[in-house]
Amino acid sequence: MITQLAGFPDPVHDAQVTFRSLLNALAHPGQVFPISPALEPPPGMTVACAAACLTLMDMDTQVWVQTGGDRAVLDWLRFHTGCRITTQPQGADFALVWDGMQVPDLAGFRWGTDEYPEQSTTLLVQVAGWDQGVEVQLRGAGILEKRAIAPPLSSQFWHHWQQMTPQYPLGVDVFLLAQTTVMGLPRTSVAEVLEMAQGAHI
Amino acid sequence: MTSIKPRQLWMATLAKASLEALESRVAMLGELPPYRFLRPPEIGLVMVQGRMDGSGEPFCVGEMTLTRCVVKLEADLDTGLDVDEGGGAIAGFGYVSGRSHRHAELAAICDALLQHPVWYDPVQETVVEFLQTLAQQQKEIQQRQVEATKVNFFTLDRKQ
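S.K.: What is the right way to read the overall build of chain A from this model?
M.R.: Regarding its fold elements, chain A presents five helices and ten strands. Taking 202 residues into account, the globule formula puts the C-alpha radius of gyration at 17 Å, and chain A, at 16 Å, falls close to it. In chain A, of all internal contacts separated by at least 6 residues, the share reaching a separation of at least 24 is 67%. Carbon together with sulfur atoms contributes 53% to the accessible area of chain A, which is approximately 9,500 Å² in total. Charged side chains of chain A number 9 positive and 19 negative; the gap between the two group centres comes to 3 Å.

Right, dumping it as structure tokens:
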């Protein structure tokens, strides 16, 4: 069925502003940047996530969508971006995850190859906010020394993240998308889970 | 959903009509129901493919400029007839050659109205049938002009 919702009100400038925020987010891991176009997102999707989809996806991208989403989202994605929906996470250029507490194992997605590490999956993960999760300290490119963050991601996710980051330059990049804000988590960011570390000392 | 064939016909008629003719006929419809853009008019390129002699291997003729637009009719509370059988609001598509935003918009509105049970008749009579007659007349004029300059090569030696 054809979607009932419009896309960006001002396609060129909204996409450019959103793209700049996404670039900034990856350049400054762990920092929060605004994405707030006047956009009506499909049910179950945040404004920031919808804007990121409209900005990044086109008819050449394969998108994997986590089950549990509204069917209207698929119609909306197909109509406005022309992207292909795939059921194989290994073949996906982008992956849409509805809830930060239920991110699948990162090893299931495409990590790129030694020759083409950029041909990897980029995850768009929706989160409820920025402070309800386990506290994690990030180090790596784009961070002066270290930066503490606590987005609502499961400890399982950080476990998978810690298994992935030593494989650099292979790996996936993650955008965390709240209602109107975004945080980037590139594969260069090494995470140290503080609560886990404290537990180890006892 | 209406069957594919009539919709193809009216979409082709609307797309091939001249903007002036389309604009003047749509103006005769009076006040149109409210609508909004699902996809505002946008200009792009499409690759046109052809076949040599209509039956050969397909090849790319070249790119052509195309403007497309999708409108959605706003809910019509008076008639309650704003939904199609699938339960969704009526969406009209306009794909026209060239760079005219207005042409794509008008074609999309007419396509949406032609799917509307109340608007079908007036739009069909005022806009589509008129444009079809116009196109037919122009085709005949052109055919006559071509016919007048036709040359028969009687002297060609046709070997079987």
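S.K.: I would appreciate a short explanation of the interface of chain B and chain A in the present structure.
M.R.: By a frequent convention, interface size equals the accessible area lost on bringing the separate parts together. Contact with chain B, which involves eleven residues of that partner, is made by nine residues of chain A. Taken together, the connections running from chain B to chain A amount to zero salt bridges. Linking chain B with chain A are two residue pairs in polar contact (both at pLDDT 80 or more). Elements that contribute at least two residues to the side of chain B that touches chain A include exactly strand E1 (35-51), strand E2 (58-73) and strand E3 (91-97) of chain B.

S.K.: Could you clarify how one ought to interpret the side chain of A:Asp75 in this entry?
M.R.: Residues and elements named next belong to chain A. Looking at the secondary structure, you find Asp-75 in helix H3 (residues 71-81). We classify Asp-75 as buried; its relative accessible area is 11%. The contact partners of Asp-75, leaving out residues within four places of it in the chain, are Met-1 and Thr-3.

S.K.: What should I look at first to understand helix H1 (residues 11-27) of chain A in this one?
M.R.: Along an α-helix, a turn takes 3.6 residues, which lines up residues three or four apart on a common side. Residues and elements named next belong to chain A. An ideal rise of 1.5 Å per residue puts 24 Å on 17 residues; H1 measures up with 24 Å between its terminal C-alpha atoms. Inspection of H1 places Asp-14, Ala-15, Thr-18, Ser-21, Leu-22 and Ala-25 among the buried residues, and these make up the whole buried set. The arc that holds every buried residue of H1, seen down its axis, measures 125°, which confines them to one face. Opposite the buried face of H1, by more than 90 degrees, sit the exposed residues Val-12, Gln-16 and Val-17. Of the surrounding secondary structure, the elements contacted by the buried residues of H1 are strand E1 (32-34), helix H2 (47-56), strand E8 (173-177) and strand E9 (181-185).

S.K.: Help me out: how do you make sense of helix H4 (residues 120-148) of chain B in this one?
M.R.: All names here are of chain B. When the terminal C-alpha atoms of H4 are compared, their 40 Å separation across 29 residues agrees well with the 42 Å that a helix rising 1.5 Å per residue should span. The largest bend along H4 reaches roughly 30° and is located at Val-128. Of the residues making up H4, those classed as buried are Val-123, Gln-124, Thr-126, Val-127, Val-128 and Leu-131.

Parameters at a glance
- Residues numbered from 1 in each chain as written.
- Chains lettered and ligands numbered in written order.
- Predicted model: local features only at pLDDT ≥ 70, side-chain atom pairs only at ≥ 80, totals over all residues.
- Heavy atoms only, no water.
- Helix = DSSP H or I, 4+ residues; strand = E, 2+ residues; numbered from the N terminus.
- Rg over C-alpha atoms; globule rule 2.2 N^0.38 Å.
- Contact = heavy atoms within 4.5 Å.
- Areas by Shrake-Rupley, 256 points an atom, 1.4 Å probe, with all protein chains shown as cover.
- Lys, Arg positive; Asp, Glu negative; His and termini not counted.
- Charge placed at Lys NZ, Arg CZ, Asp CG, Glu CD.
- Salt bridge = Lys/Arg side-chain N within 4 Å of Asp/Glu carboxyl O.
- Polar contact = N/O pair within 3.5 Å; in protein donor to acceptor, adjacent residues only side chain to side chain.
- Buried < 20%, exposed > 50% of the residue type's maximum accessible area, 1.4 Å probe, protein only.
- Expected span 1.5 Å × (residues − 1).
- Arc of directions from axis to C-beta.
- Bend = angle between axes of the 7 residues up to and from the residue.

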